[in-house]
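Fold and contact review
Next come the chains, spelled out residue by residue.
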Amino acid sequence: MQETTWLLGVLFASIALIIFLIMKVRLHAFIALVIACFVVGFGSGMEPATIVKSLEAGFGGTLGFLIAIIGLGGILGKMLEESGGAERLAKTLLAKLGSTRAHWVMAIVGAIAGIPVFFEVGFVLLIPLVYVVARETRINLMYLGIPLAISLLTIHCILPPHPAAMAITGMLHADVGMVILYSLLVGIPTMIVAGPIWVSLCCGRQASEAQQVFLQSHGARVASDRALPGIGITLFTIALPLLLMVLKTATAGLPETSPVQHVARFVGNPLTALLISVAFAYWSLGLRQGRSMAQLLEVTQRSFPPLANIIFVIGAGGAFNAVLIESGVGKAISGLLAGTDINLIILAWFIAWLMHFAVGSATVAMVSAASMINPMLAADPHLKPEILVIAIGAGSIGWAHVTDSAFWVVKEYLNVSLSEALKKFTGGTVVASIVALLATLVLDYFI
């Protein structure tokens, strides 16, 4: 019992150290996580050579497969961004549903366009359309921008092939196809409640005079003469990797000798699915639009630099996970939880929720929470790892505030005060996180 108490103390000390180094010392999350690995290793009595070996195994084991997924996903997102696919999506939905439902349109656009692009990229990419609609209809910017932001953030946190979601899916040995299906079931009500419904309750619809002045002086206009891809081909390009990965899961019940299952296993592997999708995007959003292969090469090259930060953080999270397991901390936690009634879904959600509040990064929150939760799976063998992936993602949605770059992106582009951004956007992320947790608990009850 004393050893277990000591190991738990080492874990909590490492978590506190991560938060301190990121928030107070202003170290990069990658360095903070690596330092925490050594703290756990030495604190638990590991040999220095064993610590280094665990770090190497953690980095390699996590990034060996995932780095290709992140790279291909980055290319796909960049293709959608530069082809005008996201713009086509928004314009078509606005034309079909009308400006009176513009807040619903922005939530839908964020949910679809957020599949291949990161939060900041998607928000900056689509904010000119928000400006145009707000200027022409005199609708409050927050009434349109917050549903867009909530949808982008929700998809970013819970839906593979987004890097952090994909990383924790691998760390918890979950089936990616099932994670996609569960994330859609949880994400849809989350985006509805914390997006259009939330702003209907907390934001006035009518724009103020100050907002109108801002829009006239800063509101970028969307080019009308730009050749945009068709809505059908855009939607299919975005959905293709998800469809292929879900196909693998859907055919899992077929006989092992079935040719259909063999094909589905191949094309449904995340690496193959994204490679096929990128090849298709080269045609549908590139060559078909009159771009040359030289231009597509430039687009591909521009997609890689923004991925470096997330790759290093995820790799360090994998190393932290490996050290926790090798040090015996994970086993101690599992043994402690085996005789308790703690709900691991709520615990996983709360750890990610708290980590995001503290360090301001959903990615760091997710990989850290997965590292801590992974050894606990043995305490409840009946719990599906896919559910824990969703629970961690749900927790990481909450508390996007002053420590999170996403908060400042939303605040500045919507031109609102700090207090307004905290009430309306941060409040919306907390609502989204709680709704996602409740939906996850309901899903776990029925499956």
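Up top is the structure these notes are about.
Below is a short write-up of the structure. Treat the numbers as computed from the prediction; the structure is a model and nothing was measured. (Residues numbered from 1 in each chain as written. Predicted model: local features only at pLDDT ≥ 70, side-chain atom pairs only at ≥ 80, totals over all residues. Heavy atoms only, no water.)

Now for the overall build of the chain. Counting secondary structure elements, the chain contains 21 helices and 0 strands. Taking 447 residues into account, the globule formula puts the C-alpha radius of gyration at 22 Å, and the chain, at 22 Å, falls close to it. Projecting the C-alpha coordinates of the chain onto the three principal axes gives extents of approximately 65 × 55 × 45 Å. The positive charge centre, built from 23 side chains, and the negative charge centre, built from 21, are 11 Å apart in the chain. (Helix = DSSP H or I, 4+ residues; strand = E, 2+ residues; numbered from the N terminus. Rg over C-alpha atoms; globule rule 2.2 N^0.38 Å. Lys, Arg positive; Asp, Glu negative; His and termini not counted. Charge placed at Lys NZ, Arg CZ, Asp CG, Glu CD.)

Take the pattern of salt bridges next. In the structure shown here, the tally under the stated rule is 7 salt bridges. One connected set of salt bridges, linked through shared partners, spans K78, E81, E82 and R302. (Salt bridge = Lys/Arg side-chain N within 4 Å of Asp/Glu carboxyl O.)

Okay, unusual backbone geometry next. Glycine aside, residues mostly have negative phi angles, and peptide bonds mostly take the trans form. P161 follows P160 through a cis peptide bond whose omega is 15 degrees. A positive phi is found at R26, a non-glycine position, where the angle reads about 65 degrees. Looking at the element boundaries, R26 is found in the loop between α1 (2–23) and α2 (29–43). The exposure class assigned to R26 is exposed, which follows from its relative accessible area of 62%. Here N415, not a glycine, exhibits a phi torsion of approximately 55 degrees, which is positive. (Buried < 20%, exposed > 50% of the residue type's maximum accessible area, 1.4 Å probe, protein only.)

A separate point is the environment of A210. Relative to the helices and strands, A210 resides in helix α10 (residues 209–218). Overall, the relative accessible area of 56% leaves A210 in the exposed class. Once the C-alpha coordinates of A210 and N415 are considered, the two residues, 205 residues apart in sequence, prove to be 9.7 Å apart.

Another aspect to go through is the nonpolar core. Side chains of nonpolar character tend, in soluble globular proteins, to be buried together. One finds F123, L388, I392 and L414 to be the most contacted residues of the largest nonpolar core, which totals 157 residues. Here this core gets 13 residues from one element, more than from any other, and that element is helix α7 (residues 141–158). Residue contacts for L388: discarding those within four places in its chain leaves L172, L344, I345, A348, I373, L377 and L383. (Core = buried A, V, L, I, M, F, W, Y, C linked by side-chain atoms within 4.5 Å. Contact = heavy atoms within 4.5 Å.)

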